[in-house]
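So you can see what is in the structure, the chains are spelled out below.
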Amino acid sequence: MPGKIKALWYFCIVIIVVGFIMLAAKGKMEEAREHSESASKVATEKQKEIDKKTVKIDPVKLVRELNALGKYQEAVEIARKAGERNPDHAQIQTWWGISLVKSDKRAEAIKHFILAAKKDPTDEKAHLYWGLTLAMDKKFDDAIGHYRIVLEINPEHSNAYAYWGASLSAMERLSEAVSKLEESLVLNRFNSQAYDILIDVLYKQKNYERAWDIVHKARSGNVSIQQNSLDRLSKVFPEPVRKK
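Note that the coordinates shown come from a computational prediction; the quantities given were computed from them, not determined experimentally. (Residues numbered from 1 in each chain as written. Predicted model: local features only at pLDDT ≥ 70, side-chain atom pairs only at ≥ 80, totals over all residues. Heavy atoms only, no water.)

A. Structural context of the packing of helix α7 (residues 140–153) against helix α8 (residues 158–170). Interhelical geometry of α7 versus α8 gives an angle of 160° and a closest axis separation of 9 Å. Overall, the two elements α7 and α8 adopt an arrangement that is roughly antiparallel. Viewed along their axes, α7 and α8 form a crossing whose handedness is left-handed. Between α7 and α8, the residues in contact are Phe140, Ala143, Ile144, Tyr147, Arg148, Val150 and Leu151 and Ala160, Tyr161, Tyr163, Trp164, Ser167, Leu168 and Ala170, respectively. Residues of the contact of α7 with α8, tallied by class, amount to 12 nonpolar, one polar and one charged. (Axes fitted to C-alpha atoms, helices over the stretch in contact; angles between N-to-C directions. Helix = DSSP H or I, 4+ residues; strand = E, 2+ residues; numbered from the N terminus. Parallel < 35°, antiparallel > 145°, perpendicular 65-115°, else oblique. Left-handed = near helix turned anticlockwise from the far one by under 90°. Contact = heavy atoms within 4.5 Å. Nonpolar A, V, L, I, M, F, W, Y, C, P; charged D, E, K, R; others polar.)

Pasting the structure below:
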């Protein structure tokens, strides 16, 4: 075979082989692309199914649960994220404030109670905790102002009367305190906080016999009284024997 023809023949073979390799590679690339697209589509469909099945968590409920577990800093963080996403949501602001109070950040908490009250003037919990926070700082008159607002919103709020009574007791306005605490128990005869505060107020008044009457009333409703209150009362006035 002449040299030129032989060289041409080899050249054609090389071209054919290279072409075959390129076509094969292109086929593989196309196959890989199709496989990638298919996998992406399957993943997207699976994610859609997961999203459908996933129950959206109520941030207020989650913050409440974290507070109940004593995880106050986690509660603050969840409330912060939820508040940033929903700046007009009054309840989130309220629970953000409550979480801050429990984290001993009262001044910061009040800012959120103010925001909650602006967003929803009927948010009784915002005013209740606002009042409690003020009472912690011994601003009892201001605290009572917020308990009044709670009762304007909800006249049957037993705890608002109980906390009002506690503030009056702290101000040594004992007779008024007894009156508010009795109103609290009229609304809810199982209110353990009202019983505890009332027993302590009666102790301060040295009305020991009446204090024991309240203890017996609580017990008849299966309401537990703080042991330290019972111990203090027993030291100055032993529990009377009740007539059958």
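Structure's up, so let's keep going.
B. Representation of helix α5 (residues 106–119). Under the 1.5 Å per step criterion, the end-to-end length of α5 is 20 Å for 14 residues, consistent within 8% with the ideal 20 Å. Ala109, Ile110, His112, Phe113, Ala116 and Ala117 are the residues of α5 that are buried. Considered in projection along α5, the buried side chains sweep an arc of 165° and stay on one side of the axis. Facing away from the buried surface of α5 by more than 90 degrees, the exposed residues are Ala107, Lys111 and Lys118. Looking at the buried positions of α5, the neighbouring elements they touch are α4 (90–102) and α6 (124–136). (Expected span 1.5 Å × (residues − 1). Buried < 20%, exposed > 50% of the residue type's maximum accessible area, 1.4 Å probe, protein only. Arc of directions from axis to C-beta.)

C. Just the nonpolar core, in detail. Counting 57 residues, the largest nonpolar core has Phe113, Tyr147, Trp164, Tyr195, Leu198, Val201 and Leu233 as the members making the most contacts within it. The dominant element in this core, judged by the number of residues it contributes, is helix α10 (residues 192–204), at eight residues. Beyond its immediate stretch of four places on either side in the chain, Leu198 contacts Val178, Leu181, Leu185 and Ile214. (Core = buried A, V, L, I, M, F, W, Y, C linked by side-chain atoms within 4.5 Å.)

D. Spatial organisation of the packing of aromatic side chains. Enumeration over the complete set of coordinates arrives at four aromatic pairs. Taking 6.3 Å as the distance between ring centres and 5° as the angle between the ring planes, the aromatic pair formed by Tyr161 and Trp164 counts as stacked. Placement of both Tyr161 and Trp164 in helix α8 is noted, with a separation of three residues, approximately one turn of the helix. Comparing Tyr161 with Trp164, the two get one shared label, buried. One aromatic cluster in this structure is built from Tyr203, Tyr208 and Phe237. Over the ring of Trp164 we find Lys180, and its NZ or CZ is 4.0 Å from the ring centre. Of note, Arg232 hangs over the ring of Tyr203, and the distance from its end group to the ring centre comes to 4.1 Å. (Phe/Tyr/Trp six-rings, centres within 6.5 Å; stacked < 30°, edge-to-face > 60°. Lys NZ or Arg CZ within 6 Å of the ring centre and 35° of its normal.)

E. Spotlight on the pattern of salt bridges. Within the structure shown, the criterion is met by 12 salt bridges. Of the charged contacts in the structure, one is a salt bridge between Asp137 and Arg106, with a shortest N-O distance of 2.8 Å. Pair noted here: Asp137 is in the loop between α6 and α7 and Arg106 is in helix α5, with a separation of 31 residues, a long-range link. According to the relative accessible area criterion, Asp137 is partly exposed, its value standing at 32%. Across the salt bridge formed by Arg173 and Asp141, the nearest N and O atoms sit 4.0 Å from each other. Remark: Asp141 occurs in helix α7 and Arg173 occurs in the loop between α8 and α9 (174–187); sequence separation between them is 32 residues. For Arg173, a relative accessible area of 30% gives the class partly exposed. For Asp141, a relative accessible area of 55% translates into the label exposed. Each of Glu77, Arg80 and Glu84 takes part in salt bridges that share partners, so that together they form one network. (Salt bridge = Lys/Arg side-chain N within 4 Å of Asp/Glu carboxyl O.)

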